[in-house]
Amino acid sequence: MPKLLTNMQSQDPSISYVGCLTQMYFFMVFGNMENFLLMVMAYDRYVAICFPLHYSSIMSPKLCVCVVAMSWVFNVLYSMLHTLLLARLSFCEDNMIPQFFCDISALLKLACPDIFINELMVFILGGPVIVIPFSLIIVSYVQIVYSILKV
């Protein structure tokens, strides 16, 4: 948001390479963290509705801290992997992205060397990072609906 406000005032819609990598890192960390926390919240609701008498023993404070810490560590490492893979690339053209928002695809389009490893990591790791939390959220809510209809 600060970069957007700066660009609106200066009429220069570009971002530096370092700024782009920083923005992309934090965007991935917080965006993926949201997905994982939604997954944890869905599991919490599943346990609360389907196993109400065992809720306090299943969802102990130790488990909650462990799950949140694991989500944070995984997302930091995942985002750092993509950022470091992009940082090793060299670029044929100017290192200025002609927009205020930086994304992996924008940087990969500017890269000169072979980007096969980067694309492979996007597909191999990017898919599960989105699909697994989404699938577990859907499964937990299906189980909740099934449990309610069974009553």
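In this text, all values refer to a predicted model and were calculated from it rather than measured experimentally.

The rules we used
Residues numbered from 1 in each chain as written. Predicted model: local features only at pLDDT ≥ 70, side-chain atom pairs only at ≥ 80, totals over all residues. Heavy atoms only, no water. UniProt positions renumbered as here; feature names shortened; annotations may be inferred. Helix = DSSP H or I, 4+ residues; strand = E, 2+ residues; numbered from the N terminus. Patch = residues over 30% accessible without salt bridge, like charges linked within 9 Å, V, L, I, M, F, W, Y side chains within 5 Å. Areas by Shrake-Rupley, 256 points an atom, 1.4 Å probe, with all protein chains shown as cover. Salt bridge = Lys/Arg side-chain N within 4 Å of Asp/Glu carboxyl O. Buried < 20%, exposed > 50% of the residue type's maximum accessible area, 1.4 Å probe, protein only. Polar contact = N/O pair within 3.5 Å; in protein donor to acceptor, adjacent residues only side chain to side chain. Contact = heavy atoms within 4.5 Å. Core = buried A, V, L, I, M, F, W, Y, C linked by side-chain atoms within 4.5 Å.

(A) Structural detail: the UniProt feature "transmembrane region" (unreviewed entry) in the protein. In the numbering used here, UniProt assigns the feature "transmembrane region" (unreviewed entry) to residues 24-43, 63-81 and 120-149. With 100% helix and 0% strand, the stretch residues 120-149 has end C-alpha atoms that lie 43 Å from each other.

(B) Representation of a nonpolar patch on the surface. Together, F116, I117, L120 and I124 give the surface a local cluster of nonpolar side chains, amounting to about 360 Å² of exposed area. Tracing the sequence through the fold places I124 in helix α6 (residues 116-150).

(C) Inspection of the environment of T22 at higher detail. Along the chain, T22 falls in helix α2 (residues 17-50). Judged by its relative accessible area of 39%, T22 falls in the partly exposed class. Residues T22 and T83 lie 61 residues apart in sequence; the distance between their C-alpha atoms is 8.2 Å. One polar contact links the side chain of T22 to the main-chain carbonyl oxygen of V18, over a distance of 2.9 Å.

(D) Up close: the side chain of S79. Checked against the element boundaries, S79 lands in helix α4 (residues 61-87). Apart from the residues within four sequence positions on either side, S79 is in contact with Y25, M28 and V29.

(E) Just the nonpolar core, in detail. Membership of the largest hydrophobic core comes to 22 residues, with the highest contact counts inside it found for M24, L86, L89, F91 and L107. Of all the elements in the fold, those that place two or more residues in this core are α2, α4, α5 (104-110) and α6. Broken down by element, the residue count for this core peaks at 8 residues, all from α2. If near-sequence neighbours (up to four positions away) are discounted, L86 is found in contact with Y17, L21, M24, F91, I104, L107, L108 and N118.

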